[in-house]
Amino acid sequence: MGVDRGFNTITSSLKVSPISEPEFDILFSPILVKDVSQIAVGVSGGPDSLALSWLLHRWCEQIGIRLIALTVDHRLRPNSSKDARNVFLWLKSWGLNCIILPWVGNKPSTGIQETARIARYKLMIDWCIENGVRDLALAHHQEDQAETFLMRLSRGSGIDGLACMREVTLREGVRLLRPLLTVPKSRLRATLKSQNQEWLEDPANSNPAFTRTLIRDLSILLSEREVGTQRLAHLSEQFGRIRVRLEELTRLVVDRAAIIHSTGWATINGELLIHLPDEIGRRVMIFLLQSIGGRSYPPRRKRLDRIMTFIKDPDHCTAFSLGGCSISRQDHQFTILREELRQTAASPIFFAGSVMWRGIFRCTFEGGPEGGSLLTALAPLGRKGWAQLVHEQPEVRNSNIAYPVALTLPALFDVRGVVNVPHLNYNRKDYNTGLNSTNLKFISAKFVSLEER
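(A) Quick peek at the sheet that holds strand β10 (residues 265–269). Within the open sheet, the five strands sit side by side as β9-β10-β13-β12-β11. Their pairing is antiparallel. Only two strands of the sheet have a single partner each, and these edge strands are β9 (258–261) and β11 (319–322). Between one strand axis and the next, the sheet turns through 20 degrees on average, direction left out of account. With four bridges connecting them, β9 and β10 associate as antiparallel partners. Bridging across to β10, histidine 261 finds its partner in tryptophan 265. On the sheet, helix α11 (residues 278–293) packs against β9, β10, β11, β12 (325–330) and β13 (333–338) and is oriented at approximately 35 degrees with respect to β13. Here helix α12 (residues 301–312) sits on the sheet in contact with β11, β12 and β13, set at roughly 160 degrees to β11.

(B) Looking closely at the environment of tryptophan 386. Secondary-structure assignment places tryptophan 386 in helix α13 (residues 382–392). Spatially, the C-alpha atoms of tryptophan 386 and alanine 406 are 7.7 Å apart, while their sequence positions differ by 20 residues. Tryptophan 386 has contacts with Leu381, Val396, Arg397, Tyr403, Ala406, Leu407 and Leu424, leaving out every residue within four places of it along the chain.

(C) Looking closely at the side chain of threonine 267. Of note, threonine 267 is situated in strand β10. Given a relative accessible area of 7%, threonine 267 falls into the buried group. When sequence neighbours within four positions are dropped, the list of residues in contact with threonine 267 reads Ala257, Ala258, Ile259, His261, Gln333, Phe334 and Thr335.

(D) Quick look at the side chain of glutamine 197. Examined against the element boundaries, glutamine 197 turns out to sit in the loop between α7 (185–194) and β8 (199–201). Contact partners of glutamine 197, with chain neighbours within four places excluded, come to Leu50, Trp90, Trp94 and Leu192.

(E) Geometry of the pairing of strand β16 (residues 361–366). A one-sided burial pattern is seen for β16, the buried positions being Phe361, Cys363 and Phe365 and the unburied ones Arg362, Thr364 and Glu366. With five bridges joining them, strand β15 (residues 353–357) and β16 adopt antiparallel strand pairing. By the bridge assignment for β16, methionine 356 is matched with arginine 362. Count of turn residues in the β15/β16 antiparallel hairpin: three residues, of which arginine 358 carries a positive phi of about 60 degrees. Examined bridge by bridge, β16 and strand β21 (residues 441–447) share six bridges and lie antiparallel to one another. Its bridge partner lying in β21, cysteine 363 is registered against alanine 445.

(F) A look at the sheet that holds strand β5 (residues 135–137). Spatially, β4-β3-β2-β5-β7-β6 is the arrangement adopted by the six strands of the open sheet, whose pairing is mixed. Each of the sheet's edge strands pairs with one partner strand only, and the pair in question is β4 (97–102) and β6 (168–171). Between one strand axis and the next, the sheet turns through 30 degrees on average, direction left out of account. Pairing of strand β3 (residues 66–73) with β4 involves six bridges; the strand directions are parallel.

(G) Looking closely at the pairing of β12. Side-chain alternation along β12 places Cys325, Ile327 and Arg329 on a buried face and Ser326, Ser328 and Gln330 on a face that remains uncovered. Two strands pair when backbone bridges link them, and β11 and β12 are joined in this way by four bridges, in the antiparallel orientation. Bridge pairing in β12 links serine 321 to serine 326. Bridge count for β12 against β13 is six bridges, and the pairing is antiparallel. Each bridged residue has a counterpart across the sheet, and for arginine 329 the counterpart in β13 is phenylalanine 334.

(H) Local environment of the environment of serine 321. Within the element layout of this structure, serine 321 appears in strand β11. C-alpha of serine 321 to C-alpha of isoleucine 307: the two residues are 14 residues apart in sequence and 8.5 Å apart in space. Not counting residues within four places of it along the chain, the set of residues in contact with serine 321 comprises Arg303, Ile307, Ser326 and Glu339. For serine 321, the side chain forms a polar contact with the side chain of glutamate 339, separated by 2.4 Å.

The rules behind these values
- Residues numbered from 1 in each chain as written.
- Predicted model: local features only at pLDDT ≥ 70, side-chain atom pairs only at ≥ 80, totals over all residues.
- Heavy atoms only, no water.
- Pairing = 2+ DSSP bridges.
- Helix = DSSP H or I, 4+ residues; strand = E, 2+ residues; numbered from the N terminus.
- Axes fitted to C-alpha atoms, helices over the stretch in contact; angles between N-to-C directions.
- Contact = heavy atoms within 4.5 Å.
- Buried < 20%, exposed > 50% of the residue type's maximum accessible area, 1.4 Å probe, protein only.
- Polar contact = N/O pair within 3.5 Å; in protein donor to acceptor, adjacent residues only side chain to side chain.

Structure, rendered in structure tokens:
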């Protein structure tokens, strides 16, 4: 990246006013929950994130909230570490603490921007989780919203896709805050110019090999024909309002017709599902599949439509799979279970604490030796694990948890087999005895609702 003071941009931008502190308060205060003691902000060193960091820094100082800046050293270019250091020094001169998060490991040769974006989010969100920070501010602005709209339009997205980015989204318990979605990029640059603050320019933003660069050029071309970013962003906002109403209706149907169980499965009234309008029926099914399957994205539209056809034809099929779930019909009820058909790698558990497992259970562990244990791992109970439980505690068969559900429950294993299954109140008697023992205990597995993820 090269350093830029922004004085060689279009001259009309010099007349654009910076964002005032009262204006930023109007943008940011409504999306922040009460009683927040600390906030993180993602900053790349570009004008957008640097302007947001400056505005948030001033705002947090006045309110008495601790602000921490997170910058990712992606190491995709020779100068990336130098750029991260520049950002660190700029923010330090403001009195703002900055944490540099290095992206280590192999780097992609294709899909670079998307892979880097995923890695950047993961690094920042993981840091927030580990440090108890529940709010992460991001600098997406009006042009970003318009470009996202055009990208999704070119891919044939529906209402949800064209609604684009929300002001607030939840990712693994961390709230992603985007207060600048209605703010033009020019005003962010003007804000930095008013403080004589330099910024970095990313050469990737002008690289025609990247899809977003081509979309950005298209956006400029449309602006010349009076279809500017403001109009595109406004159109996305209209889709956003439609999305909210559809989500409200979907949630109303789920609350009245479905039951989502704390052991990670769901049922829904089949008669009601069959007679719902197609759009609402699809949304209800997506909600349930994501709630139980734990996947971040819904199934593809063609596969979903095919399943909805099956659902409405009771003679066609009584069981099918979609979105990491199995769906079965019995009389007038559909049951949705998480699928564990393929043998997936167990998740090693080294230390006490909590982890999100399969995207749906928050699993908590206590104890453990100094340095953790290499002998314990988290995995579905499965048939073999169930057989062990039945052999040791035959009364487990009298549990009110159905056998197919029990097979999907999170269980802690060691080299001897199942150690703990909180949902079944199982704790192996010989655990913590012998040379290979540890003190790590699986305390609880809390089902996390879709809205809380």
